[in-house]
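An overview of the molecular structure
Listed below are the residues making up each chain.
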Amino acid sequence: MVELTLIAAFFAGLASFVSPCVLPLVPAYLSYLAGVSLNGGIDDKNAKQKIFLNSLFFVMGFVIIFALFGVIINSLLSNISYDLTQVISKIGGVIIIIFGLFTLGIVKLDFLEREYKLKPTETRYAYLTSFIFGATFAVGWTPCVGAILGAILTLAFTTPSSAFALLFTYGLGLGIPFLIVGAFTAQATSIIKKHGRAMSYLNKAMGVVLIIIGILVFTGNLVKLANFTFAGIFMPFGSG
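The residue count restarts for each chain, going from 1 along the sequence in the order it is written. Per-residue local features of the predicted model are confined to residues with pLDDT of at least 70, and side-chain atom pairs are confined, for both listing and counting, to 80 or more; whole-chain, interface and lining totals are unaffected and use all residues. Note that the side-chain values use all heavy atoms of the structure and ignore hydrogens as well as water.

**Brief notes about the overall build of the protein**
Selection rule: Going along the chain from the N terminus, every DSSP run of H or I of four or more residues is numbered as a helix, and every run of E of two or more is numbered as a strand. Burial classes follow relative accessibility: with a 1.4 Å probe on protein chains only, a residue under 20% of its type's maximum area counts as buried, one over 50% as exposed, and anything between as partly exposed. Here the accessible surface of atoms and residues is derived via Shrake-Rupley with a 1.4 Å probe, and residues count as covered only by protein chains that are part of the display.
The helix and strand tally for the protein stands at eleven helices and zero strands. In the protein, the order of α-helices and β-strands from amino to carboxyl end is α-α-α-α-α-α-α-α-α-α-α. Taking all 240 residues of the protein together, 43% fall into the buried category. Accessible area of the protein: about 12,800 Å², with a carbon and sulfur share of 70%.

**Details of the environment of Gly 93**
Heads up, the rule is: Working rule for contacts: check all heavy atoms of both residues, and any pair within 4.5 Å makes them a contact.
Structurally, the position occupied by Gly 93 is in helix 4 (residues 82–103). You can call Gly 93 buried: its relative accessible area is 0%. Not counting the four nearest positions on each side in its chain, Gly 93 is found in contact with Gly 214, Val 217 and Phe 218.

**Regarding the side chain of Thr 169**
Structurally, the position occupied by Thr 169 is in helix 8 (residues 163–183). Sequence-distant contacts of Thr 169, defined by excluding residues within four places in its chain, comprise Leu 6, Ala 9 and Phe 10.

**Some remarks on a nonpolar patch on the surface**
The test is simple: By definition, no residue in a patch forms a salt bridge, and every one has over 30% relative accessible area; like charges are joined within 9 Å, nonpolar side chains (Val, Leu, Ile, Met, Phe, Trp, Tyr) within 5 Å. When a carboxyl oxygen of Asp or Glu lies within 4 Å of a side-chain nitrogen of Lys or Arg, that pair is called a salt bridge.
A contiguous nonpolar patch, built from Val 71, Phe 164, Phe 168, Leu 172, Ile 176, Ile 180 and Phe 184 and spanning about 590 Å² of accessible area, is present on the exposed surface. Relative to the helices and strands, Leu 172 is located in helix 8.

**Re the nonpolar core**
Basically, it comes down to this: Nonpolar cores are built from buried Ala, Val, Leu, Ile, Met, Phe, Trp, Tyr and Cys residues. Side-chain atoms within 4.5 Å join them into one set.
Formed by 52 residues in total, the largest nonpolar core has its most connected members in Phe 17, Leu 30, Phe 62, Phe 66, Tyr 170 and Phe 178. Once residues lying within four places of it in the same chain are set aside, the contact partners of Phe 66 are Ala 138, Leu 149, Leu 167, Tyr 170, Gly 171 and Leu 174.

**Re the packing of helix 3 (residues 45–77) against helix 8**
Filter applied, for reference: Inter-axis angles, ranging from 0 to 180 degrees, are taken between N-to-C directions of lines fitted to C-alpha atoms, where helices are fitted over the stretch in contact. Roughly parallel here means an angle under 35 degrees, roughly antiparallel means over 145, roughly perpendicular means 65 to 115, and every remaining angle is called oblique. Three classes are used, and their members are as follows: Ala, Val, Leu, Ile, Met, Phe, Trp, Tyr, Cys and Pro are nonpolar, Asp, Glu, Lys and Arg are charged, and the others, Gly among them, are polar.
Where helix 3 contacts helix 8, the axes come no closer than 8 Å and their chain directions differ by 170 degrees. Accordingly, the angle class assigned to the pair helix 3 and helix 8 is roughly antiparallel. Looking at side-chain class alone, the contact of helix 3 with helix 8 contains 22 nonpolar, six polar and one charged residues.

**Focus on the packing of helix 4 against helix 10 (residues 201–219)**
Test applied: The handedness criterion is simple: a crossing whose near helix is rotated anticlockwise from the far helix by less than a right angle is left-handed, and one whose near helix is rotated clockwise is right-handed.
Taken N-terminus to C-terminus, the directions of helix 4 and helix 10 make an angle of 160 degrees; their axes are 7 Å apart at the nearest point. Of the possible angle classes, the one that applies to helix 4 and helix 10 is roughly antiparallel. Crossing handedness for the pair helix 4 and helix 10: left-handed. Together, Ser 89, Lys 90, Gly 93, Val 94, Ile 96, Ile 97, Gly 100, Leu 101 and Thr 103 of helix 4 and Asn 203, Lys 204, Gly 207, Leu 210, Ile 211, Gly 214, Ile 215, Val 217 and Phe 218 of helix 10 make up the contact between the two elements.

**Here's the deal with the packing of aromatic side chains**
Test applied: Pairing of aromatic side chains requires ring centres within 6.5 Å, counting the rings of Phe and Tyr and the six-membered ring of Trp. Pairs whose planes differ by under 30 degrees are stacked, by over 60 edge-to-face, and all others tilted. Only Lys NZ and Arg CZ are tested; either one counts as a charge over a ring when it is within 6 Å of the ring centre and within 35 degrees of the ring normal.
Going through the model one piece at a time under the given rule, you end up with twelve aromatic pairs. Taken together, the aromatic side chains of Phe 17, Phe 58, Phe 62, Phe 66, Phe 137, Tyr 170 and Phe 178 make up a single cluster linked through ring pairs. Over the ring of Phe 218 we find Lys 90, and its NZ or CZ is 4.6 Å from the ring centre.

**Here we look at the confidence of the model for the protein**
As a reminder, the rule being used: Scored from 0 to 100, pLDDT reflects the predictor's confidence in each residue.
Chain-level statistics for the protein give a pLDDT mean of 80 and a share of 80% at 70 or above. The weakest mean pLDDT in the protein belongs to helix 11 (residues 222–238) at 48; the strongest belongs to helix 8 at 92. Scored below 50 in pLDDT, residues 228–240 makes one contact in the model with residues more than four places away or belonging to other chains.

Structure below.
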């Protein structure tokens, strides 16, 4: 189960990155953090370095927060009873399915349509400011990221022993593209302008994946599927 859910968590992070309310803003956001204008100077060596380093601290901010969420979930739920685990799995499966339907645009959830964002105070130190903005980004709530993140958090609640790995992997899936854009801002800006809409289809595909995962969690078949996959990998070696 761990391998399958971690793969799903990583792609959930990628889907969050290419969502319509994140992807178009990324180059300008990172340039703003670095104090570099997109209209000129981003090809300068010093400007590139500033953007990448600020991107790195920004990513570190939200990855650490996601990892802390995982530790907290694991600490709170690691010793709960089997019966309670089954109840949480049923409820969690339903919630993940609903989040998947929302991501596909099939259902509407008013609380996900609003944005809840903290506004951190800027500091005299650019990298510290980027780190704080990253941490704020992790707890901010945007319409097209909230459902996917909410589904991964719910999945973490249903499998507390994997909560840290799930949320850390989600953070990597979201963070690695930020670092790529930070390293190649000019090229990334051009690609996003040309192909941004096509990339957003990953968000829809993730909605389908969330529905499937939700059904598997609700029915208790996620573990069975993982065991079947694991056995299938090693079966050829034992069949001779």
